[in-house]
Amino acid sequence: MAEFLSTKATDKLNSQLNRLCVWLSSDPEYILEHCGDILSVNEYKKVIKQSSGSEQIRELLEIIIQKGEDTCQNIIDTLRKHQRHFPQLKQFFVTEAEVPGSSTPSMFADGSSVVSCREITNTTAKDISFNIQTVSQPADSSLSRNTKPQADLAASGGSVVCADKISGVHVDGGINFSVCVNAPQENTGTVEDTQPPPQGPAVRKIKDHKVELINCLMGDRFILQYVDAKGILSPRQYGNLKHTSNPEQTVTDLIDLLISKGEGTCDQFLQILKDPEVEETYPQLKYIIK
């Protein structure tokens, strides 16, 4: 039984890593004070040299996860003991039995299909915008009724399944969900004759100010942590960007990636840049993004 609980603790930390980075970054020193028996001197120095509170918490949790199952249970017990200091932590200790359907659903999407299963909790924003675009295609005939994956959320033939969850969110403006399934384009000419899709205002603004944004943001990797905490990046994308040694290249690659994701993602990024905490970290932003 003890081994099962330890494994469960490790999985819980892994699955809630991004949310914990946001919740605990308000006072990382407090958490570090109560981890003296968990970290070695060198590990403690490695944590505190990180450039922002969010990065410190992420480094701390990654070290703890690497230490194994018993250490993960130790930090969870510590968080439980001090959860009054971080009110949002109560969500971390809500069990799946208390919240029906809280386990991560299995997902499947073929071709140009999309399954969106994002969760946004306890945040404040001026506006929230989601934009999903895909191209309708015939269902893959190679997947017979007997061989199609059995998933909780399945999309095929260019369809879209949205299972996004929003809770505890305070929005001053509005929430916009946009889903567009376009008909496939006919090939009426050569590749050179094909016109690129029109760009929205958010994409254009980021492209117009790309150089200024890179110069402004490359001094601190905090922006990478914030974008990741908002769920814009996949774990692989975050890992690739985090391990880029050159800060300027990190920010350049991040902006290029966001532009490639389209109008909805760029609009989310612009809202992040207007966040008071981000503006405080990068004072020049107010002169770039107006």
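The structure we're discussing is the one just above.
Analysis parameters
- Residues numbered from 1 in each chain as written.
- Predicted model: local features only at pLDDT ≥ 70, side-chain atom pairs only at ≥ 80, totals over all residues.
- Heavy atoms only, no water.
- Helix = DSSP H or I, 4+ residues; strand = E, 2+ residues; numbered from the N terminus.
- Buried < 20%, exposed > 50% of the residue type's maximum accessible area, 1.4 Å probe, protein only.
- Contact = heavy atoms within 4.5 Å.
- Areas by Shrake-Rupley, 256 points an atom, 1.4 Å probe, with all protein chains shown as cover.
- Axes fitted to C-alpha atoms, helices over the stretch in contact; angles between N-to-C directions.
- Parallel < 35°, antiparallel > 145°, perpendicular 65-115°, else oblique.
- Left-handed = near helix turned anticlockwise from the far one by under 90°.
- Salt bridge = Lys/Arg side-chain N within 4 Å of Asp/Glu carboxyl O.
- Phe/Tyr/Trp six-rings, centres within 6.5 Å; stacked < 30°, edge-to-face > 60°.
- Core = buried A, V, L, I, M, F, W, Y, C linked by side-chain atoms within 4.5 Å.
- Nonpolar A, V, L, I, M, F, W, Y, C, P; charged D, E, K, R; others polar.

## Observations regarding the overall build of the protein
Alright, step 1. Along the backbone of the protein there are 14 helices and eight strands.
Alright, step 2. Evaluated residue by residue, the protein yields a buried proportion of 37% over its 290 residues.
Alright, step 3. By sequence separation, contacts in the protein at least 24 residues apart represent 74% of the contacts at least 6 residues apart.
Alright, step 4. Within the structure as shown, the protein displays about 17,100 Å² of accessible surface, and the carbon and sulfur contribution to it stands at 49%.

## Thoughts on the packing of helix α5 (residues 53-67) against helix α9 (residues 222-229)
When two helices pack together, their arrangement is given by the angle between the helix axes and the distance between those axes.
Alright, step 1. Where α5 contacts α9, the two axes come as close as 8 Å, and the packing angle between them is 70°. Considering the angle they form, α5 stands roughly perpendicular to α9. Handedness of the α5/α9 crossing: left-handed. On the side of α5, the interface is formed by S54, E55 and R58, while α9 contributes F222, Q225 and D228.

## Some thoughts on the pattern of salt bridges
Alright, step 1. Evaluated as defined, the whole model comprises five salt bridges.
Alright, step 2. Residue K46 pairs with E59 through a salt bridge whose shortest N-O separation is 3.5 Å. On the criterion of sequence distance, the pair formed by K46 in helix α4 (residues 41-48) and E59 in helix α5 is long-range, its members being 13 residues apart.
Alright, step 3. The exposure class of K46 is partly exposed, given its relative accessible area of 40%.
Alright, step 4. For E59, a relative accessible area of 10% puts it in the buried group.
Alright, step 5. Linking D256 and K210 is a salt bridge whose minimum nitrogen-to-oxygen distance equals 2.5 Å. Note that D256 is positioned in helix α11 (residues 247-261) and K210 in helix α8 (residues 210-217), a separation of 46 residues in sequence.

## Points about α9
Alright, step 1. Among the eight residues in α9, seven count as buried, and that is most of the element.
Alright, step 2. Residues of α9 that are buried include every one of F222, I223, L224, Q225, Y226, V227 and D228, and no others.
Alright, step 3. G231 sits one or two positions beyond α9 and adopts a positive phi of about 80°.

## Examining the packing of aromatic side chains
Alright, step 1. Under the counting rule described, the total for this entry stands at two aromatic pairs.
Alright, step 2. Their ring planes at 50° and their centres at 5.6 Å tell us that F222 and Y226 sit as a pair that is tilted. Taken together, the positions of F222 and Y226, both in helix α9 and four residues apart, correspond to about one turn of that helix.
Alright, step 3. Residue classification places F222 among the buried residues on the basis of a relative accessible area of 7%.

## Focus: the environment of H209
Alright, step 1. Summarising the element assignment, H209 is placed in the loop between α7 (201-208) and α8.
Alright, step 2. We classify H209 as partly exposed; its relative accessible area is 23%.
Alright, step 3. Along the sequence, H209 and I288 sit 79 residues apart, while their C-alpha atoms lie 7.0 Å from each other.

## Considering the nonpolar core
Most often, soluble globular proteins keep nonpolar side chains buried together rather than apart.
Alright, step 1. With 32 residues, the main nonpolar core has L217, I223, V227 and L273 as its most contacted residues.
Alright, step 2. Per-element tally for this core: the top contributor is α11, with six residues.
Alright, step 3. Setting aside chain neighbours within four positions, we find V227 in contact with I232, L233, L254, L258, F269 and I272.
Alright, step 4. In this structure, L20, I31, I76 and L79 belong to the second largest nonpolar core, which totals 28 residues.

## Structural notes on the environment of I120
Alright, step 1. The topology assignment puts I120 in strand β3 (residues 119-125).
Alright, step 2. The class of I120 is buried, set by a relative accessible area of 15%.
Alright, step 3. Along the chain, I120 and S167 lie 47 residues apart, while their C-alpha atoms are 6.5 Å from each other.

## Let's talk about the packing of α9 against α11
Alright, step 1. Axis separation between α9 and α11 bottoms out at 10 Å; the angle between their running directions is 30°. On the basis of their axis angle, the class for α9 and α11 is roughly parallel. The way α9 lies across α11 gives a crossing that is left-handed. Note on element contacts: α11 touches α9 through T250, L254 and L258, opposite I223, L224 and V227.
Alright, step 2. A breakdown of the residues in the contact of α9 with α11 according to their chemical character gives five nonpolar, one polar and no charged.

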